[in-house]
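Residues per chain, in single letters:
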Amino acid sequence: MKMSLPTKRAYCPQCLRAQRSCICQWIRAIAPATQVLILQHPLEVDQAKGSGRLLHLSLGGSQLVVGEQFEASQLCALLNDPWEAGGEALPACLLYPATTDMVTLVEVGPCRSIRRRLVVLDATWRKSRKMLHLNPLLQQLPRLALQQPPASQYRIRKAHRPEQLSTLEASCHALAQLEGAPDTYAPLLQAFDGFVAQQAAYVGMHTS
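Rules used throughout
- Residues numbered from 1 in each chain as written.
- Predicted model: local features only at pLDDT ≥ 70, side-chain atom pairs only at ≥ 80, totals over all residues.
- Heavy atoms only, no water.
- Buried < 20%, exposed > 50% of the residue type's maximum accessible area, 1.4 Å probe, protein only.
- Helix = DSSP H or I, 4+ residues; strand = E, 2+ residues; numbered from the N terminus.
- Arc of directions from axis to C-beta.
- Core = buried A, V, L, I, M, F, W, Y, C linked by side-chain atoms within 4.5 Å.
- Pairing = 2+ DSSP bridges.
- Contact = heavy atoms within 4.5 Å.
- Axes fitted to C-alpha atoms, helices over the stretch in contact; angles between N-to-C directions.

J.: Describe helix 3 (residues 125-134), naming the residues involved and giving the relevant values.
T.: Along helix 3, the residues classified as buried are Lys127, Ser128, Met131 and Leu132. Buried residues along helix 3 cover an arc of 145° about the axis, so they all sit on one side. Facing away from the buried side of helix 3 by over 90 degrees, the exposed positions are Arg126 and His133.

Okay, structure coming up:
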């Protein structure tokens, strides 16, 4: 008897997920005034619940680079060099809480309209701490801490503390904070609710 070969799973070329769990409907095209560099931990690449790629696909001009420990020369270029010919080199800051008294904090407000390059670690809290430890250049960056962020809607992944948000939520609130423009990122946060509902339904379908 002739055996049929298993059918290859079809993948979306844009979001890189299986076609049946494609997240492209939740992409919202936004042109931030801030450049966004997403450093994605390798364990997040195939994480269906992860929000880093949706964030990257929605933010025009953003870069997403996968790795845990980066070559110093590569990371230095990502942090300091212009990303495009004729572009400007923007001062970089790290979206991360202040963990020591020695950390320099980025000041925001109506008189602080400086264009920046925001560095985001797309990882669990434990893995983000390891990334920070393994990459001294990241430790040297001034940090942007979120100011009174709203409660997370990221119910599909467990948080250890109420202030722990998804990568997408934290980045949207940080950008709104830097740019003083919360309305700019509201459509993406609203779409994120749909993304979360889709992933919850998908998980429920495979556990029932």
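J.: Kindly report on the nonpolar core, identifying the contributing residues and their values.
T.: Counting residues in hydrophobic clusters, the biggest one holds 33 residues, and the most contacted among them are Leu54, Leu59, Leu118, Leu144, Leu168, Tyr185 and Phe195. Elements with a minimum of two residues in this core: strand 1 (35-40), helix 1 (52-58), strand 3 (92-95), strand 4 (117-122), helix 5 (167-179) and helix 6 (182-207). With 18 residues, the next largest nonpolar core counts Leu37, Trp83, Ala92 and Leu121 among its residues.

J.: Just give me the short version of the pairing of strand 3, but keep the residues and values in it.
T.: Because side chains alternate across strand 3, one face comprises the buried residues Ala92 and Leu94, and the other comprises Cys93 and Leu95, equally buried. Inspection of the sheet shows strand 3 paired to strand 4 by three bridges, in the parallel sense. In the sheet register, Cys93 faces strand 4, and the bridge partner there is Leu118.

J.: For the sheet that holds strand 2 (residues 63-66), give the residues involved together with the corresponding values.
T.: Strand order in the open sheet formed by five strands is 2-1-4-3-5, with parallel pairing between adjacent strands. Both edges of this open sheet fall to strand 2 and strand 5 (143-144), since each of them pairs with a single strand only. Bridge analysis of strand 3 against strand 5 gives two bridges, and the strand direction is parallel. Across the sheet, residue Leu95 finds its bridge partner in strand 5, namely Leu144. Sitting on the sheet, helix 2 (residues 72-80) touches strand 1, strand 2, strand 3 and strand 4, and the angle it makes with strand 4 is about 130°.

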